[in-house]
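Fold and geometry: a report
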Amino acid sequence: MLTINPLDLEPRIFYSYLTGTVAPRPIALVSSIDNAGNVNLSPFSFFNIMGINPPLLVFAPNNRSRDNSKKDTALNISEVHEVVINMVDNSMVQQMSLSSVEYPKGINEFIKSGFTPEPSLLIRPPRVKESPAQFECKVLEVREIGTMNLFICQIIMAHFADNIIGENGRIDQRKTDWVARLGADWYARVNEPALFEVEKPNTKIGIGYDAIPEQIRLSKILTGNHLGQLGNTEVLPLPEEIEAYRQTPAIQKFFEAAAGDIAALTDFLHHEAQRLLSLNKVKEAWLVLLQNLNPVDQ
């Protein structure tokens, strides 16, 4: 493992390690305005949600590396404490990238990138019409730390495109097509083929990794992810459930194939459990795995 003390590297070099590993990062396409009415539009990937009551977004433009001067977004916010944070999907990623060009102050990146300004309802900076999610924000606080400017923003109005709303009136993640920032020139596309669900353990108390029987926990076939799924189970199947499952043809074929070889049977069962866990059939996986821990006579 490569071990690095950030103090041993020039900051921009360590930055490349950071952005290549703290990823993917959502992109905030930020529109701002100065007192004279000059609009700026610029993307930032040092960005995320930081609160729900009140709803808070934070983003952090770094000063320019060449001369440590503040970027136009930071200068605008020092005059008008309002921004629109526009989310970026795949249909607008190239235009978003174009808006990151450092045009001279006063140049409108909406015009340069071809985005359409849409009036906000409560604040002065315009929204990006093409963005599927737009958050009108008041900038509550500015923190300057080293060469970074951290902006803490409260959402006071939100706008969501109809085509990402599901039948329940909420965001349907399968209808979105977000892009996220990686390191160097790399991006990631977050659409339905890339999605998967992980059940949150906050609705129940799982038995935990340490309660998984050792023969299963030390499996050469099951991974840490598989064991995490198993450990999120509240209770193990009852002995009568295990025995009933053992009588099914799906399990009997493994006993027949192993022909009394316990090691071979274990491998068969662990491979089958691996398959079931990939389908999120956790209870069935447990029923398979527990078959040869306390075997009964055939």
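As a reminder, the structure under discussion sits directly above these lines.
The structure contained in this document is the topic of the report that follows. (Residues numbered from 1 in each chain as written. Predicted model: local features only at pLDDT ≥ 70, side-chain atom pairs only at ≥ 80, totals over all residues. Heavy atoms only, no water.)

Moving on to the sheet that holds strand 6 (residues 82–87). Judged by pairing direction, the sheet is antiparallel, and its seven strands sit side by side in the order 3-2-6-9-10-5-4 without closing on themselves. Looking at the sheet topology across the chains shown, the edges are occupied by strand 3 (39–44) and strand 4 (47–52). Averaged over neighbouring strand pairs, the angle between their axes works out to 30° when direction is ignored. Both strand 2 (residues 28–33) and strand 3 contribute to a ladder of six bridges, which runs antiparallel. Within strand 3, the position partnered with V30 by the bridge is S42. Contacts from helix 2 (residues 72–79) reach strand 2, strand 3, strand 5 (55–59), strand 6, strand 9 (133–145) and strand 10 (148–160), with the element oriented near 125° to strand 3. (Pairing = 2+ DSSP bridges. Helix = DSSP H or I, 4+ residues; strand = E, 2+ residues; numbered from the N terminus. Axes fitted to C-alpha atoms, helices over the stretch in contact; angles between N-to-C directions. Contact = heavy atoms within 4.5 Å.)

This part is about the packing of aromatic side chains. To describe a pair of aromatic rings, one takes the distance between the centres and the angle between the planes. With the rule as written, the count across this model stands at five aromatic pairs. On the basis of an interplanar angle of 75° and a centroid distance of 5.7 Å, the ring pair of F135 and F160 is categorised as edge-to-face. Separated by 25 residues along the polypeptide, F135 in strand 9 and F160 in strand 10 bring together distant segments of the chain. Aromatic ring contacts, followed pair by pair, group F44, F59 and F151 into a single cluster. (Phe/Tyr/Trp six-rings, centres within 6.5 Å; stacked < 30°, edge-to-face > 60°.)

Another point: the packing of helix 9 (residues 262–278) against helix 10 (residues 282–289). Each pair of packed helices can be summarised by the angle the axes make with each other and by the distance between the axes. At a minimum axis distance of 8 Å, the contact between helix 9 and helix 10 shows a crossing angle of 175°. When the axes of helix 9 and helix 10 are compared, the pair comes out roughly antiparallel. Here helix 9 contributes L269, H270, E272, A273, L276 and L277 to the contact with helix 10, which in turn contributes V282, E284, A285, V288 and L289. Residues of the contact of helix 9 with helix 10, tallied by class, amount to eight nonpolar, one polar and two charged. (Parallel < 35°, antiparallel > 145°, perpendicular 65-115°, else oblique. Nonpolar A, V, L, I, M, F, W, Y, C, P; charged D, E, K, R; others polar.)

Take the nonpolar core next. One recurring pattern in soluble globular proteins is that nonpolar side chains are buried together. Counting residues in hydrophobic clusters, the biggest one holds 22 residues, and the most contacted among them are I216, L222, L230 and W286. Looking at this core, the elements that each hand over two or more residues are helix 6 (224–231), helix 8 (249–258), helix 9 and helix 10. The biggest single contributor to this core is helix 10, with six residues. When sequence neighbours within four positions are dropped, the list of residues in contact with L222 reads I216, L227, L230, H270, Q274, L277 and L289. Core analysis: the second largest hydrophobic core is formed by 20 residues, I77, A133, F135 and C153 among them. (Core = buried A, V, L, I, M, F, W, Y, C linked by side-chain atoms within 4.5 Å. Buried < 20%, exposed > 50% of the residue type's maximum accessible area, 1.4 Å probe, protein only.)

Overall, antiparallel pairing links the three strands, which are arranged 1-11-12 in an open sheet. Edge positions in the open sheet fall to strand 1 (25–26) and strand 12 (187–190), since each of these has one partner strand only. Here strand 11 (residues 178–181) runs beside strand 12; their pairing, made up of four bridges, is antiparallel. Counterpart to R181 in the pairing with strand 12 is Y187.

Of note, P249 is situated in helix 8. A relative accessible area of 67% means that P249 is categorised as exposed. Sequence separation between P249 and Y103 is 146 residues; the distance between their C-alpha atoms is 70 Å.

Summed over the entire model, instances satisfying the criterion amount to zero disulfides. C153 supplies the cysteine sulfur nearest to C137, a cysteine that is in no disulfide, at a spacing of 5.3 Å. Judged by its relative accessible area of 0%, C137 is buried. (Disulfide = S-S within 2.5 Å.)

A cluster of nonpolar side chains, namely L2, I13 and Y17, defines an oily patch on the protein surface of about 310 Å² accessible area. Within the fold, L2 resides in the segment before helix 1 (11–21). Here L2 falls in the exposed class, since its relative accessible area comes to 62%. (Patch = residues over 30% accessible without salt bridge, like charges linked within 9 Å, V, L, I, M, F, W, Y side chains within 5 Å. Areas by Shrake-Rupley, 256 points an atom, 1.4 Å probe, with all protein chains shown as cover. Salt bridge = Lys/Arg side-chain N within 4 Å of Asp/Glu carboxyl O.)

Take the side chain of D34 next. Tracing the backbone shows D34 in the loop between strand 2 and strand 3. Judged by relative accessible area, which is 5%, D34 ranks as buried. Residues within four places of D34 in sequence aside, it is in contact with N76, E79, V80, K105 and R124.

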